[in-house]
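# Working through the structure, step by step
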Amino acid sequence: MADISIIDQCLGIWAANFNKTDSWKNTVRSVWHSALMDINDKVLYDCTMKICTQSFAFPPQLGQLIQEIEKAIKEQGGTGTTIKNYSFCANCEARDGIINTVAHYAQEDGTIKASARMCRCTCEGGKRKYGRSLMTARERYNAIKSHQPPVEMIQFFWTSQDMPTFPLEVTDPEFAKQLKAKREAGELKNNPFSKLAAAYFE
């Protein structure tokens with residue numbers, strides 16, 4: 001549900017962008033409150049900003065904002081002006097039902113190739129939000145194992161509550177090796193960010 005202050009803020013942005021007067025704002029304020037009170041705050045603000053950055057031959061109406069809101073909510077799996085609420089587990093709630101996976105393959109020259117892919121969680125929220133549009137981590141693992149022609153899978157990683165993100169050694173192992181070798185050889189130059197980090201953390 002949109003906070004009244006957010007609706008008023010969006011109304012103010014709309015009025016300023018489309019050269020509406022304070023009198024106009026006062027006239028339509030109750031209509032905006034009534035029409036938008038059930039909208040999610042972020043969706044309302046984002047859609048207002050989206051319309052205000054577009055060009056129109058004539059100033060858009062409130063109905064066009066509602067249409068934009070419905071479009072945005074449909075993209076999130078909801079209908080009309082209502083977003084579907086999903087309940088995700090601890091392993092995927094930070095990514096709204098997504099489990100990120102990385103598979104390491106051995107290539108013919110001995111280098112390791114990392115292949116990343118988004119999968120859905122097997123929890124109820126992940127199933128309801130993504131259905132069959134995304135495979136699960138287990139399905140991806142089995143697909144790789146049964147790949148034709150066969151590939152030699154070295155390791156398979158997936159995000160979880162214990163590993164919410166992957167280090168560079170997982171997402172790009174070859175590049176991580178190159179960086180490590182350069183660092184040990186003293187070939188990596190210091191930059192303002194590394195100096196700032198050293199000053200802050202050491």
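Residues numbered from 1 in each chain as written. Predicted model: local features only at pLDDT ≥ 70, side-chain atom pairs only at ≥ 80, totals over all residues. Heavy atoms only, no water.

## Structural notes on helix 2 (residues 22-36)
- Over its 15 residues, helix 2 extends 19 Å from the first C-alpha to the last, a length consistent with the 21 Å expected when each residue adds 1.5 Å.
- At V28, helix 2 shows its largest kink, close to 45 degrees.
- Among all positions of helix 2, only K25, V28, W32, H33 and L36 are buried.
- As for helix 2, its buried residues are in contact with helix 1 (4-17), helix 3 (41-52) and helix 4 (62-75). (Helix = DSSP H or I, 4+ residues; strand = E, 2+ residues; numbered from the N terminus. Expected span 1.5 Å × (residues − 1). Bend = angle between axes of the 7 residues up to and from the residue. Buried < 20%, exposed > 50% of the residue type's maximum accessible area, 1.4 Å probe, protein only. Contact = heavy atoms within 4.5 Å.)

## Considerations on the pairing of strand 1 (residues 98-106)
- When you tally the buried positions in strand 1, you get seven out of nine residues, the bulk of the element.
- Both strand 1 and strand 3 (residues 153-158) contribute to a ladder of five bridges, which runs antiparallel. Following the sheet pairing, Y105 is matched in strand 3 by M153. (Pairing = 2+ DSSP bridges.)

## Re the packing of helix 1 against helix 3
- Taken N-terminus to C-terminus, the directions of helix 1 and helix 3 make an angle of 0 degrees; their axes are 10 Å apart at the nearest point. With respect to helix 3, the axis of helix 1 lies roughly parallel. Taken together, the residues of helix 3 that come into contact with helix 1 (itself represented by I6, I7, Q9, C10, I13, W14 and N17) are D41, L44, Y45, T48, M49, I51 and C52.
- Of the residues assigned to the contact of helix 1 with helix 3, the class counts are 10 nonpolar, three polar and one charged. (Axes fitted to C-alpha atoms, helices over the stretch in contact; angles between N-to-C directions. Parallel < 35°, antiparallel > 145°, perpendicular 65-115°, else oblique. Nonpolar A, V, L, I, M, F, W, Y, C, P; charged D, E, K, R; others polar.)

## Structural notes on the nonpolar core
- In terms of nonpolar packing, the biggest core is built from 20 residues, with W14, W32, L36, V43, L44, L65 and I69 touching the most fellow members.
- Counting only elements with at least two residues in this core, the list comes to helix 1, helix 2, helix 3 and helix 4.
- Leave out the neighbours within four places in its chain, and L44 touches A2, I6, I7, C10, L36, I39, L65 and I69.
- Within the second largest apolar cluster, 12 residues are counted, among which are F88, C92, C123 and A137. (Core = buried A, V, L, I, M, F, W, Y, C linked by side-chain atoms within 4.5 Å.)

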